[in-house]
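As a plain string of letters, each chain reads:
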Amino acid sequence: TTANEHVKIERQGAVALVTLNRPEALNAINDDIRGSLPQMLREFDADVEIGAIVIAGSGERGFSVGADIKESRPNDSPIATRRRLVPTTWIEALDATCKPVIAAIHGFCLGGGMELALACDVRVVAKGAEFALPETALGLMPGGGGTQRLPRLIGLSRSLDLLLTGDRIGAEEAYRIGIATRLAESPEAALAEAMRVAELIAARPRVAVAYVKEAARAGLDMDLANGLKLEKSLFALLTSSADRIEAARAFREKRQPNFIGA
Ligand code: CO8
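What comes next concerns the included structure. (Residues numbered from 1 in each chain as written. Predicted model: local features only at pLDDT ≥ 70, side-chain atom pairs only at ≥ 80, totals over all residues. Heavy atoms only, no water.)

**Re the packing of helix α9 (residues 206–219) against helix α10 (residues 224–239)**
Moving on, step 1. Running from N to C, α9 and α10 point in directions that differ by 175°, and their axes come no closer than 10 Å. Regarding the angle of α9 to α10, the classification is roughly antiparallel. Here V207, A208, Y211, E214, A215 and A218 of α9 come into contact with α10, specifically with L230, L234, L237 and L238. (Axes fitted to C-alpha atoms, helices over the stretch in contact; angles between N-to-C directions. Helix = DSSP H or I, 4+ residues; strand = E, 2+ residues; numbered from the N terminus. Parallel < 35°, antiparallel > 145°, perpendicular 65-115°, else oblique. Contact = heavy atoms within 4.5 Å.)

Right under this line is the structure:
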């Protein structure tokens with residue numbers, strides 16, 4: 001696959017573990033990472049062996065401190081920057097993949113790093129982690145979905161507080177307000193828990209899992225009536241899937257099902 005020196009890929013059974021690998025720069029996101037992640041996700045999406053993806057940061061200090069500030073392009077015109085960012089292909093690639101993505105977060109999770117985490121489907125956080133969207137201090141604003149995904153995840157009120165102040169919050173607070181749904185004692189425990197969650201998901205019928213992700217995410221952009229219609233259509237499609245038929249047969253025969261991912 002498209003691994004490079006700044007993004008490491010390891011396969012563990014049906015789970016692909018992607019590690020941001022610039023510990024000397026606290027996993028700041030550079031063009032290398034931005035460029036390779038979407039391609040990687042597309043390859044995972046097409047790989048029938050893979051059922052879920054875990055994203056983590058290497059080194060002791062954190063998940064990611066966001067965009068590489070040293071790589072900033074102060075002389076780019078607004079129109080050139082917009083051309084580079086819209087559509088932002090790299091974080092949106094997480095929405096586009098039908099395989100669930102689990103973030104294992106420790107230490108710093110700032111700016112674009114937090115935005116990357118917000119685009120994942122499940123967030124596991126280690127005690128000691130710190131979240132913030134500090135972009136306004138640089139005269140910028142979140143550009144990786146922070147102003148859109150955070151309100152959708154935790155509501156407008158708490159989001160605006162974090163977005164406007166740039167205040168850092170700790171792991172417990174992030175867990176309490178629903179940014180993360182699992183809290184672990186240490187970075188190692190967070191990664192282990194993220195891998196465990198990914199394995200659980202990967203063991204389930206793939207099509208059902210993909211449709212749940214699609215219905216829940218797409219539904220956020222719809223009114224309730226259309227969201228319910230989408231759910232019913234996907235539900236109906238599942239009823240004739242091979243894994244659904246196998247699950248029902250295995251239940252009747254009191255045995256474990258053998259899923260084929262179709
Ligand atoms: N970019 C590049 N290098 C960085 C970054 C960064 N964002 N953050 C830290 N580093 C580097 C430091 O320069 C330093 O390198 P060196 O040893 O060569 O000088 C190394 O990492 C260690 O950092 P510090 O020495 O600063 O460590 P401290 O413990 O003193 O401080 C902090 C750690 C608090 C994390 C501090 O480094 C800091 O505040 N960093 C900036 C965090 C920040 O502002 N992030 C937001 C960036 S803007 C953004 O993400 C916008 C996203 C928009 C689009 C989405 C696409 C990604």
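**A closer look at the pairing of strand β2 (residues 15–20)**
Moving on, step 1. In terms of residue burial, β2 counts as a mostly covered element, since 6 of its 6 residues are buried.
Moving on, step 2. Of the two faces of β2, both are covered, the one formed by V15, L17 and T19 as well as the one formed by A16, V18 and L20.
Moving on, step 3. Pairing between strand β1 (residues 7–12) and β2: 6 bridges, direction antiparallel. From the neighbouring strand, E10 faces β2, where its bridge partner is L17.
Moving on, step 4. The hairpin turn running from β1 into β2, its antiparallel successor, is 2 residues long, and G13 in that turn takes a positive phi close to 65°.
Moving on, step 5. In the sheet, β2 pairs with strand β3 (residues 52–57) via 6 bridges, with the strands oriented parallel. Looking at the pairing, V15 lines up with A52 of β3.
Moving on, step 6. Tracing the backbone out of β2, into helix α1 (residues 31–46) and back to the parallel element β3 gives a crossover that is right-handed. (Buried < 20%, exposed > 50% of the residue type's maximum accessible area, 1.4 Å probe, protein only. Pairing = 2+ DSSP bridges. Right-handed = clockwise from strand over helix to strand, strands pointing away.)

Taken by themselves, the reported measurements are silent on function.
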